[in-house]
Amino acid sequence: MLKIDKLYKNFGNKEVLKGLDLEIQDESIFGLVGINGAGKSTLLRIIAGVYEPEQGCVLFNDCDTYDDPKIRKEIAFVSDEQFYPIGSTIKSVKQIYESMYDFSEAKYQKFLKMFELDEKDSILNLSKGNKRRVALLFALSIEPKLLLLDEAYDGLEPLIRYKFKQALADLIEDEHLTVIISSHNLKELEDICDSFGILEDGRMLEYGDLSDSKENINKYQIVFEKEIEKDAFNDFNILHLENEGRVYQLVAKGNQEEILSRIEAMHPILVDVLQVNFEELFIYELEGRSKSNDQ
Amino acid sequence: MINKNYFKYLFKSKIIAWVFFGIMFVAISMSSFLTPGNEATDCFRVTTITSLVLSIIMSFALPVFLFSFVHRKRSCDMYFSLPIDRKELLITTITFSFVLIFSYYAITSIFALLFTMRSTTIFFSSLFASCAMMALGILALLIINSCIYLFANNIFDGIVMLAAYSAIFVAISLTAETISDLLLIPFMLSSFEEGILFSPVAIVAVNFTSISQNIVQSIDETMSFVPSVSYLQITVLVIYTCIACFLLKKNFVERKTERAEQVSNTFFSYPFIINFYLLVSLVNLGFSIIKSNMIDSFILLYILLFCIYLISIFVYKRKIKFYWKNILYFVSAALITFGCGKFIFMNHAFSLPYQYPLNVGEKINYYINENNLNKDLSSKDLEANYSVNLSINIDIPTDQLDTEKYKQAVSILEAHRKQAIDLWFTTSQSYYDKGADLYISNAIQNKDVASCSYQTKDVFTIEELKQLAKVGTIELEYYDYKTDNYQTYTLDEYLKEVKL
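J.: Kindly report on the overall build of chain B, identifying the contributing residues and their values.
T.: Along chain B, the regular secondary structure elements total 17 helices and 8 strands. Looking at chain B residue by residue over its 500 residues, the buried ones come to 48%. Sequence separation of 24 or more characterises 75% of the internal contacts of chain B that already satisfy a separation of 6 or more. Entry remark: accessible area of chain B is about 24,800 Å², with carbon and sulfur atoms responsible for 64%.

Here you go:
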């Protein structure tokens, strides 16, 4: 399990993480989302042991990922932009992973084939997408228990993404892998993640099981006989409310049946319930948060 | 403390490069053996010096090469997420560098010995001592240079730091020499050489050379060279290394990874270097103006220095932007250094030039030149078609200064010397055609300890010259412009010749 406890991180005078708490269960695929500059990459780097937090700790299987280098053998970090020494080939880069990790040659060959790479290729000449494949190749070959992908999933073409998803699913089942993916492509994340976290203002705005959260937030399209005051909806846990004349769109958090019965009490002509997707969930959560800040 | 896996990786990852550099190292070092006609002992000595120079160069290059990952954000992600403790990462990298350089040196030495052993005597004690000195020196330089390179936050600044810190001792020594020249302070005048010798590179080079030049000797030669090592300098080197180890802990083990590719604004990087060199330059300039009194020509130098200062600020901040505080700072520093220099000059350097330190076993040498004298040894008339040049050379052991034999002479010489000092501090003229040099030397080692040059105006009287002739050598040279003839005399001969 990954446990993050009261994590603080500053860059000079700028506070990026402000007492962040988070728990991620084993064998889950966690989608980390947030606006630009929210601190997603910073958080992943702290988990990977690259950055030292000002306060707080990150424990993976009860070991501090910064202070205990041995636990980092089980952590693979794929950043958004990878580093390869000048003149390196896939084969030459393999040396560091062979030397420093429990490298699996069988997995390496398997993923080399899956990603359609040639180990004699000069990495400098590869496209951005192929460089991403190389990074994923090595990340999977070291048999990690925790895989951190910082926008590394993006930029893969659909077929490779599909194969990668399959590979992840197998690894989660066989190797009890935990994955944290940060991405702006929420539609893609929705396909693959079972849990999520929204990072906002240095803390986790919302995190948990993706399906449960989606069930807990619904979009209600309501038509009344005549236009009514928006104050009538004050009792609801509103994330978003807009109207065009007497047609209202309400996004609210809470039990669907309960909310429906309260809407019925307002005597609408028509009520329609629509499920939100991950992207809408993200947008509405942030909107709801900024509204409560304004109040 | 050493991570074997990482050590193996460092070797395997660039094995072709290491082998290539090794071959080049040995080939360049041993190139003197390829020149026909060279003595084996000379070839060996050239080989040891060349291998020393190459080792020193590598002790600068390897930290840049192996620690550059710290200065790039992307490589930081890779290296600092490795399952290796930072302290291990540091120690393993430095150890690898040391093993690499020392291996090159050892292989070169073995080859060189094999080539020379048939025609030479090998002094194994010197051989082991030189290996030990090389090992200590290379390790110290690697640690110190790694520390300096890591003061910066990016590769370019790291290289600038290495260059700047390497030149610090030269700058200090040159400044000390300039000040002591201008203030006529004898005991500082040898500081240039000694100042340089407290630079880590110089300590390693001088002490290694001292030991290694006596490893081999031709069979028919008799041993005459006595190698000497300065334990003081080696202690200083060890102190530098300990300080560097402490700073490496701060700058690597406890380093904030996010410093990569940022402006190098830690204390020991640009802030210290820019201010240090600015101060040194202003002191040199300020003190030089005071004596020359030619402020007009120095204004250009101040403007040039200001431009260089601004450029260094631009390089430091990576922004072309004027900061008023920098302009104010420069002007204040220039005024303060000039003011201090003026104050010191007005107070005749607080009587320091009148003194010189004397130790047992040393001797003082007074050497005085008076040129363009009249026949009666007074200062010359311009119309004369001859000139008389006088030189006085007197050696006095310091334990005999107060004896009857030397007391009178010392009193005369010191009176003239003090006159010259007062003249120096009260007039702006910097050149007279009469000069005096004072040397303090170690009589046992026959080596100068301190020296000072004076410009004099007043000539010695004949009575004074007669007193001085009792304890030293006085030579007079008569030069006739018309006939282009020189004639040399002792004082007695001259006085008889011109009937004085």
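Having seen the model, we can carry on.
J.: A description of the sheet that holds strand E7 (residues 146-150) of chain A should follow, citing residues and the corresponding values.
T.: All names here are of chain A. The strand order E6-E7-E8-E3-E9-E10 describes an open sheet built from 6 strands, whose pairing is mixed. One side of each edge strand has no neighbouring strand; the edge strands of this open sheet are strand E6 (75-78) and strand E10 (203-209). Along the sheet, successive strands turn relative to each other by an average axial angle of 15°, direction set aside. Where strand E3 (residues 29-34) lies against strand E8 (residues 178-182), 4 bridges are found, and the strand directions are parallel. Looking across to E8, one finds that Leu32 is bridged to Ser182. Where helix H4 (residues 128-141) meets the sheet, its contacts fall on E6 and E7, and the angle it forms with E6 comes to roughly 175°.

J.: So what's going on with the interface of chain A and chain B? Which residues, and what values?
T.: Of the residues lining the interface, 25 residues belong to chain A; the matching set on chain B comes to 24 residues. Both faces combined, the contact of chain A with chain B buries some 2,300 Å², and carbon together with sulfur accounts for 57% of it. For the interface between chain A and chain B, the tally reads 4 salt bridges. The partner of Glu54(A) in a salt bridge is Lys256(B), with the nearest N and O atoms 2.6 Å apart.

J.: Got a sec to walk through the domain arrangement of chain A? Specific residues and values, please.
T.: Residue and element names in this part refer to chain A. Taken as a whole, chain A is organised into domain 1 (2-201) and domain 2 (216-294). Here the C-alpha centroids of domain 1 and domain 2 sit 37 Å apart. Listed by partner, the interface residues are 11 residues for domain 1 and 8 residues for domain 2. Of all residues in domain 1, Leu186, Glu190 and Ile198 give up the largest surface area on contact with domain 2, accounting jointly for 48% of the area buried on that side. Where domain 1 packs against domain 2, one counts 1 salt bridge. Across the salt bridge formed by Lys187 and Glu279, the nearest N and O atoms sit 3.5 Å from each other. Counting every contact that joins domain 1 to domain 2 gives 1 residue pair in polar contact (both at pLDDT 80 or more). Where the side of domain 1 that touches domain 2 is concerned, the elements lending two or more residues are E3, helix H6 (186-192) and strand E9 (195-200). The element best represented in the side of domain 1 that touches domain 2 is H6, accounting for 4 residues.

J.: With reference to specific residues and values, describe the nonpolar core.
T.: Ranked by internal contacts, the top residues of the largest apolar core, which has 175 residues, are Phe115(A), Leu147(A), Ile180(A), Tyr6(B) and Phe252(B). The biggest single contributor to this core is helix H6 (residues 124-149) of chain B, with 11 residues. Residue contributions to this core reach at least three from each of two domains, namely domain 1 (2-201) and domain 2 (216-294) of chain A. Non-local contacts of Ile180(A), meaning those with residues more than four positions away in its chain, are made with Leu2(A), Ile24(A), Phe30(A), Leu32(A), Leu44(A), Ile47(A), Leu146(A), Leu147(A), Leu148(A) and Leu149(A). Ile392(B), Ile394(B), Ile396(B) and Leu495(B) belong to the second largest nonpolar core, which has 29 residues in total.

J.: Can you tell me about the sheet that holds strand E12 (residues 237-244) of chain A, naming the residues and giving the values?
T.: Residues and elements named next belong to chain A. Strand order in the open sheet formed by 4 strands is E12-E13-E11-E14, and the pairing between neighbours is antiparallel. Pairing within the sheet leaves two strands with one partner each, and these edge strands are E12 and strand E14 (270-275). Mean inter-strand twist for the sheet, computed between neighbouring axes without regard to direction, equals 20°. Here 7 bridges tie strand E11 (residues 217-223) to strand E13 (residues 247-253), and the two strands are oriented antiparallel to one another. Bridging across to E13, Ile217 finds its partner in Lys253.

J.: Account for the packing of helix H3 (residues 105-114) of chain A against helix H5 (residues 158-175) of chain A, naming residues and giving values.
T.: All names here are of chain A. Viewed as axis vectors pointing N to C, H3 and H5 meet at an angle of 155°, and their least axial separation amounts to 11 Å. Relative to H5, the element H3 lies roughly antiparallel. Residue-level inspection shows Lys107, Phe111 and Met114 of H3 in contact with H5, the latter providing Ile160, Lys163, Phe164, Ala167, Leu171 and Glu175. A breakdown of the residues in the contact of H3 with H5 according to their chemical character gives 6 nonpolar, no polar and 3 charged.

What counts, and at which threshold
Residues numbered from 1 in each chain as written. Chains lettered and ligands numbered in written order. Predicted model: local features only at pLDDT ≥ 70, side-chain atom pairs only at ≥ 80, totals over all residues. Heavy atoms only, no water. Helix = DSSP H or I, 4+ residues; strand = E, 2+ residues; numbered from the N terminus. Buried < 20%, exposed > 50% of the residue type's maximum accessible area, 1.4 Å probe, protein only. Contact = heavy atoms within 4.5 Å. Areas by Shrake-Rupley, 256 points an atom, 1.4 Å probe, with all protein chains shown as cover. Pairing = 2+ DSSP bridges. Axes fitted to C-alpha atoms, helices over the stretch in contact; angles between N-to-C directions. Buried area = accessible area lost by both parts, 1.4 Å probe. Salt bridge = Lys/Arg side-chain N within 4 Å of Asp/Glu carboxyl O. Domains from an automatic or database assignment. Polar contact = N/O pair within 3.5 Å; in protein donor to acceptor, adjacent residues only side chain to side chain. Core = buried A, V, L, I, M, F, W, Y, C linked by side-chain atoms within 4.5 Å. Parallel < 35°, antiparallel > 145°, perpendicular 65-115°, else oblique. Nonpolar A, V, L, I, M, F, W, Y, C, P; charged D, E, K, R; others polar.

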